[in-house]
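Listed here are the chains, written in short residue letters.
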Amino acid sequence: MRRLLTAINRRMMKLLIALALIAYVASVWGNFVNMSRSIQENGEQKMEKKIEEVIAPLRDKIRDLEKSFTQKYPPVKFLSEKDRKRILITGGAGFVGSHLTDKLMMDGHEVTVVDNFFTGRKRNVEHWIGHENFELINHDVVEPLYIEGLAKRVGARLLLASTSEVYGDPEVHPQNEDYWGHVNPIGPRACYDEGKRVAETMCYAYMKQEGVEVRVARIFNTFGPRMHMNDGRVVSNFVLQALQGEPLTVYGSGSQTRAFQYVSCNLLSSPPQGNPEEHTILEFARLIKHLVGSGGEIQFLSEAQDDPQRRKPDIRKAKLLLGWEPVVPLEEGLNKTIHYFSKELEYQANNQYIPKPKPARIKKGRTRQN
Ligand SMILES: NC(=O)c1ccc[n+]([C@@H]2O[C@H](COP(=O)([O-])OP(=O)(O)OC[C@H]3O[C@@H](n4cnc5c(N)ncnc54)[C@H](O)[C@@H]3O)[C@@H](O)[C@H]2O)c1
């Protein structure tokens, strides 16, 4: 009997040990499963984080691209087929050309800009890229484009952007359309002045020979946003110098006069002309200094050769025949230009651009003041 009880106890013990073993293995297995699940979950989370890090910039890029596809263009008028013109602008990515492009696009016309970006920038017309009325062609007009031939074939009108420089250092004041000018043909400014005079001659000869309609706009000093920082013109020089607290450089006594015109006034009707409000260069330097609030001095440098002493357009004919006259007051235009140049300075990588007077250039010529 005792033996029987011992045998039963032993079996019970074995059974209990076996059950305990099973319970232990089960709990270890459970832990193991939980652990590997959490490792897996952690790994998945890490992986997801990594994927997110890679994808996020791509997602931003796609969003930007989508935005550019649904780009909002400046408002454009609708013109019927018969009223809509197809206009080719050479140099349309430059200062004046890009404002003309804006005006014609907003009026509802189709505009093709041809430019080799020598002094122009894509940035000036980028807000039209992709618009159905707009085309941008990267082309050097020194290579044939047959614009004149095209004008004759389609009965188009040709507008030449000429300049008040065709009057040279004028002996007639103010300058009207009938004045032939007073240009030194071999002076430092001759390339530009005589180049424009030849361009006018060729346009008129072509008009007489081929019957193509031609218009010539003798534009006086124009300023405004999208001027180049380094074009050496009096407005950009003064504004940039003033914004950077540098001395404003005046060539000669500063008593020579100019008539400055805000760029949008050029585009009120064609042909544009100039603002008859005459200022001495010194007055102008002082005004810019005041508007910018600059403490920079005015520095006088030696007079430049062939610098026109007086410039002022006689706009009576333009007013009478075209109803054209400038509308933007000088200070308003200058404030817009100052705002533009201060933004441009921020845009520059080194935030520094000071136009420096170049003595060698002063000897031979002078900065552009057309
Ligand atoms: N800004 C003024 O005050 C003023 C005054 C009188 C006349 N103008 C005349 O108006 C026109 C525009 O002047 P702007 O001040 O806008 O100058 P700009 O330099 O800003 O514009 C000229 C444009 O022509 C482009 N260009 C130059 N050479 C080219 C070539 N070979 N092929 C194709 N494109 C070329 C340039 O890249 C630039 O976009 C010029 O003919 C200028 O003589 C300007």
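Structure first, text after, so check above.
Read on for a plain summary of the structure. In this text the structure is predicted, and so the values were computed from the model without any measurement.

## Concerning the site of the ligand
Phase 1 of the analysis: As a structural note, the neighbourhood of the ligand is formed by 26 residues, with Val96, Asp115, Thr119, Tyr192 and Lys196 the closest of them.
Phase 2 of the analysis: Between the ligand and Tyr192 there is a distance of 2.5 Å, counted from an oxygen atom to a side-chain nitrogen or oxygen.
Phase 3 of the analysis: The backbone of Thr222 places a nitrogen or oxygen atom 2.9 Å from an oxygen atom of the ligand.
Phase 4 of the analysis: About the coverage of the ligand: the protein hides 85% of its 820 Å² of free accessible area.
Phase 5 of the analysis: Only helix H2 (95–106), strand E4 (157–163) and helix H4 (190–210) provide two or more residues apiece to the shell around the ligand.
Phase 6 of the analysis: Tallying contributions element by element places E4 first for the shell around the ligand, with 3 residues.
Phase 7 of the analysis: Its residues assigned to classes, the shell around the ligand comprises 10 nonpolar, 12 polar and 4 charged.

## A short note on the sheet that holds strand E2 (residues 110–115)
Phase 1 of the analysis: If you walk across this open sheet you meet the 3 strands as E1-E2-E3, and the pairing is parallel. This sheet does not close on itself; its edge strands, each paired only once, are strand E1 (86–90) and strand E3 (134–138). Direction aside, the axes of adjacent strands within the sheet are offset by 15° on average.
Phase 2 of the analysis: Pairing analysis gives 5 bridges linking E1 to E2, with the strands arranged parallel. The residue bridging Thr90 from the neighbouring strand is Val114, located in E2.
Phase 3 of the analysis: Contacts between H2 and the sheet are confined to E1, E2 and E3, with E1 contributing the most and set at about 170° to the helix.

## A word on the packing of helix H5 (residues 234–243) against helix H8 (residues 330–347)
Phase 1 of the analysis: One way to put it is that H5 packs onto H8 with a least axis distance of 10 Å and a crossing angle of 60°. Viewed along their axes, H5 and H8 adopt a mutual orientation that is oblique. The handedness of the crossing between H5 and H8 comes out as right-handed. Every residue of H8 that contacts H5 at Val235, Ser236, Val239, Leu240 and Leu243 is listed here: Leu334, Thr337, Ile338, Phe341, Ser342 and Leu345.

Criteria and thresholds
- Residues numbered from 1 in each chain as written.
- Predicted model: local features only at pLDDT ≥ 70, side-chain atom pairs only at ≥ 80, totals over all residues.
- Heavy atoms only, no water.
- Near = heavy atom within 4 Å.
- Polar contact = N/O pair within 3.5 Å; in protein donor to acceptor, adjacent residues only side chain to side chain.
- Areas by Shrake-Rupley, 256 points an atom, 1.4 Å probe, with all protein chains shown as cover.
- Helix = DSSP H or I, 4+ residues; strand = E, 2+ residues; numbered from the N terminus.
- Nonpolar A, V, L, I, M, F, W, Y, C, P; charged D, E, K, R; others polar.
- Pairing = 2+ DSSP bridges.
- Axes fitted to C-alpha atoms, helices over the stretch in contact; angles between N-to-C directions.
- Contact = heavy atoms within 4.5 Å.
- Parallel < 35°, antiparallel > 145°, perpendicular 65-115°, else oblique.
- Left-handed = near helix turned anticlockwise from the far one by under 90°.

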